[in-house]
Amino acid sequence: MAPQNETLIVDAKVYYAVAKDLATLRDQVRQVVTGTLVPGLSSTGGMAGAFPAVGPWSTEYKTSSGDVRDATIACATALDRFSDVLKIAGYNWEMAEYNNTSPGQRAAQPPVKPVPSAAPPISANDFPALPDPNRDNGPGILLAPSRGGIPTSVPNGRTDLLATAAKTWTAFSNSEIAQAGLVTLRQASEKFDAITAPEVPDIVEGLAALREGISDTFRVAGTLGDAVQRYHDGLVTLRTALANAGPHAFPMASRVSATVESGAVNFSVDLVTMLDLYRAIEVFNGVFASSPLTGVLASTKFLGLLGLEGIPKMKALAKLPLLLESGNPSDNTALQGDLDRMATWEGPAPTLTTMDLAALDKYGPQMKHWALLAVKYGREAGVDPRLVLAMVLQEGAPLRTGLDTGMFNALKDPSTYRPDPRGPAAGVMYDTARYLSSQPFVDKRGVHLDGSGVGNSIGLTNQKEDPFNAVKAKYPDKFNGQEWSDLVGNDDLAVKAAAYNLRMLRDDAASHATPEVRAGQPLNQFLGSGYNAGGLVARSHGVAAGQSTFQDTEVEHGQSTLNVVNLANDILVGSGAFSNGGF
């Protein structure tokens, strides 16, 4: 926000001009998708072949290319949405100026309200799912005439299709928007240098997010092109080596010739016995095993250290709520903080890389055990391990450390963190009592008691019976044979159940959140509130869809979750036990 003593300088034309720039970039993205990427890749199905050796490579290609497709669609949508947002912001300033101008001096007609885009800039028909690189193209070694193939481990990829895919990804990566688009966005940001309106910092942040997202998308597309090219080149080299190995593979034949084709090496041999075939299989498998292609196929991390880190914010921009077309510039400040909060809802859950587990020793064996469980089950369930550890710390840890709420301050300085060794036993006793009080029974007088404690939560992560059963029903293979009562004294099960409960809330409730809900709170706050609200999907789904709200105490709990996640990050990452690409 501009300082209070700074003169307010606004020019609606700047908003409109930048909005037009973004719309032009949107059209360029659509053009390079429909004119280059989609037609170029349409015929590349089966390019990798289907032999076991190429399985991991194909899986990585499908994942990475799918991510680029999603990012590209998000790129066009974000450009479209932010263009609309800027047009509305400009309109609100222009309308305010019109209203504040005396009737005799203002324009004859008021500014025209902008009309937001109605259709997505890139539809499913514009950018269909990418062709599957896997297909059985037949044996990689053939015998002519009409003798079929030799059953070797040699890949049966198609060099012609691999060449096409590599060329297409590279062309997409080097398209005009990948270079000139970044310049346009930087210049667009500079146009706001002279504007001192309160929303300008958020506009500049949004333009920077677009710049980073576009840069990441097209750079990763180029990385994909390089990966496909390496497979192509390795396969060409391998097939040349196989052709040259023909005389060694068929030493008894008087005539051996080989033709290298796009999908195989075709050998013409005058006489082949079963013994010849066995020898040939051994020779050809050996040639493949010693070829550089094996290293190419084994290296399945195409992106290295630089991936699509800028995409979450760009996806958040694509879902940014439109401003109110009110003619009141104060409504433009609705942008403030939206982007950062919304970005937490996008992208995969952060992952942690193991560094030095001994760094957790300063917290003692109990906390180290909980930390390792949080990472184990966070990874397994696909949720942030720090959020899982936060559930431990927020729920059952204060009792089981014997430190009550003083635990949080003690953990900030591990030298002051001294848990009470009686804490674990106290936790088991507490859970046992709460479990027994939840069970209906008949007392010695024959009086039927209905279990006044029904609804109690038990275990390290304070889970009630209904959410435990819901998690068990959704992930039966993970909780086979386990019951809610097993949470008593079982920290492993409690952390695992919490991790999958968070995943259930994320996948089945948070995924339906409206833009307004996403803009109003970070994802971890929503999940923390949802867990505290009972952990069932229906309740959180209603909040996500904007049909209901969390209670004040549940909101406060979710807000507290954010602070505890930071503490969990200090324990897991700050200690040096794990590292993270971004937090």
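Enquirer: How should I be thinking about the overall build of the protein in this particular structure?
Expert: The helix and strand inventory of the protein stands at 21 helices and 9 strands. The C-alpha extent of the protein, read off along each of the three principal axes, is 95 × 90 × 50 Å. The buried share of the protein, taken over its 583 residues, is 48%. If you take every contact in the protein between residues at least 6 apart in sequence, the share linking residues at least 24 apart comes to 77%. Split by element, the accessible area of the protein, about 26,100 Å² in all, is 54% carbon and sulfur. Treating the 48 positive side-chain charges of the protein as one cloud and the 60 negative ones as another, the clouds have centres 3 Å apart.

Enquirer: Explain the side chain of serine 457 here, please?
Expert: Counting through the fold element by element, serine 457 comes out in strand β7 (residues 457–458). Overall, the relative accessible area of 9% leaves serine 457 in the buried class. Contacts of serine 457, omitting those with residues within four sequence positions, involve Arg434, Asn462, Gln463 and Lys464.

Enquirer: Looking at this structure, I do not really get the sheet that holds strand β2 (residues 256–260). What am I missing?
Expert: Backbone hydrogen bonds hold the strands of a sheet together, and the pairing may be parallel or antiparallel. Overall, mixed pairing links the 3 strands, which are arranged β1-β3-β2 in an open sheet. Unpaired on one side and paired on the other, β1 (141–144) and β2 mark the two borders of the sheet. Averaged over neighbouring strand pairs, the angle between their axes works out to 25° when direction is ignored. Of the strand pairs in this sheet, β1 and strand β3 (residues 265–269) are connected by 4 bridges, and their pairing is parallel. Following the sheet pairing, isoleucine 141 is matched in β3 by valine 265. Along the sheet, helix α5 (residues 200–244) makes contact with β1, β2 and β3, crossing β3 at roughly 5°.

Enquirer: Would you explain the environment of alanine 568 in this entry?
Expert: Here alanine 568 is to be found in helix α21 (residues 552–574). Judged by relative accessible area, which is 0%, alanine 568 ranks as buried. Residues alanine 568 and valine 392 lie 176 residues apart in sequence; the distance between their C-alpha atoms is 9.6 Å. In this structure alanine 568 touches Arg386, Leu389 and Ala390, once residues within four positions along its chain are discounted.

Enquirer: Would you take a moment to explain helix α4 (residues 176–190) for this structure?
Expert: At 3.6 residues per turn, the α-helix brings residues three or four places apart onto the same side. Relative to the 21 Å expected for 15 residues at 1.5 Å per residue, α4 spans 21 Å between its end C-alpha atoms, a close match to the ideal helical length. Looking at α4, one finds that the buried residues are Ile177, Ala178, Gly181, Leu182, Leu185, Ala188 and Ser189. For α4, the elements touching its buried residues are α1 (12–41), α3 (159–173) and α5.

Enquirer: What is the right way to read the environment of tryptophan 345 from this model?
Expert: With respect to the helices and strands, tryptophan 345 occurs in the loop between α10 (338–343) and β4 (352–354). When the C-alpha atoms of tryptophan 345 and leucine 373 are compared, they prove to be 24 Å apart, with 28 residues separating the residues in sequence. If near-sequence neighbours (up to four positions away) are discounted, tryptophan 345 is found in contact with Ala510, Ala513, Val517, Arg518, Gln521, Pro522, Leu523 and Phe526. For tryptophan 345, the side chain forms a polar contact with the main-chain oxygen of glutamine 521, separated by 2.8 Å.

Enquirer: Looking at this model, I keep getting lost on the packing of aromatic side chains. Mind explaining?
Expert: Aromatic rings in a pair are described by how distant their centres are and how their planes are angled relative to each other. Evaluated as defined, the whole model comprises 14 aromatic pairs. Where tyrosine 15 meets phenylalanine 192, the ring centres are 5.2 Å apart and the plane angle is 90°; that geometry is what we call edge-to-face. In this pair, tyrosine 15 sits in helix α1 while phenylalanine 192 sits in the loop between α4 and α5, placing the two residues 177 residues apart along the sequence. Here tyrosine 15 matches phenylalanine 192 in class, with each residue buried. Measuring from ring centre to ring centre gives 5.0 Å for tyrosine 475 and tyrosine 500, while their planes differ by 55°; the resulting arrangement is tilted. Note that tyrosine 475 is positioned in the loop between α16 (465–474) and α17 (491–508) and tyrosine 500 in helix α17, a separation of 25 residues in sequence. Tyrosine 500 shares its class with tyrosine 475; the two are buried. In this structure, arginine 106 is placed above the aromatic ring of tyrosine 98, and the distance from its NZ or CZ to the ring centre is 4.4 Å. Here the basic side chain of lysine 496 rests over the ring of phenylalanine 479, its NZ or CZ set 5.1 Å away from the ring centre.

Enquirer: Quick question: what am I supposed to make of α1 here?
Expert: The first and last C-alpha atoms of α1 sit 42 Å apart over 30 residues, in line with the 44 Å expected at 1.5 Å per residue. In α1, a bend of some 35° at valine 33 exceeds every other bend along the element. Regarding α1, its N-cap is aspartate 11, as a side-chain oxygen of that residue lies 3.0 Å from the backbone nitrogen of lysine 13 further along.

Enquirer: So what exactly am I meant to see when it comes to unusual backbone geometry here?
Expert: As a rule of thumb, non-glycine residues mostly have phi less than zero, and peptide bonds are mostly trans rather than cis. For aspartate 404, which is not a glycine, the phi torsion comes out positive at approximately 55°. By the element assignment, aspartate 404 lies in the loop between α13 (397–401) and α14 (406–412). Positive phi, close to 45°, is recorded for asparagine 462, a residue that is not glycine. With respect to the element layout, asparagine 462 can be found in the loop between β7 and β8 (463–464). Judged by its relative accessible area of 21%, asparagine 462 is partly exposed.

Enquirer: Mind showing me how you'd approach the side chain of threonine 152 here?
Expert: The topology assignment puts threonine 152 in the loop between β1 and α3. There is a polar contact of 3.2 Å between the side chain of threonine 152 and the backbone nitrogen of valine 154.

About the cut-offs
Residues numbered from 1 in each chain as written. Predicted model: local features only at pLDDT ≥ 70, side-chain atom pairs only at ≥ 80, totals over all residues. Heavy atoms only, no water. Helix = DSSP H or I, 4+ residues; strand = E, 2+ residues; numbered from the N terminus. Buried < 20%, exposed > 50% of the residue type's maximum accessible area, 1.4 Å probe, protein only. Contact = heavy atoms within 4.5 Å. Areas by Shrake-Rupley, 256 points an atom, 1.4 Å probe, with all protein chains shown as cover. Lys, Arg positive; Asp, Glu negative; His and termini not counted. Charge placed at Lys NZ, Arg CZ, Asp CG, Glu CD. Pairing = 2+ DSSP bridges. Axes fitted to C-alpha atoms, helices over the stretch in contact; angles between N-to-C directions. Expected span 1.5 Å × (residues − 1). Polar contact = N/O pair within 3.5 Å; in protein donor to acceptor, adjacent residues only side chain to side chain. Phe/Tyr/Trp six-rings, centres within 6.5 Å; stacked < 30°, edge-to-face > 60°. Lys NZ or Arg CZ within 6 Å of the ring centre and 35° of its normal. Bend = angle between axes of the 7 residues up to and from the residue.

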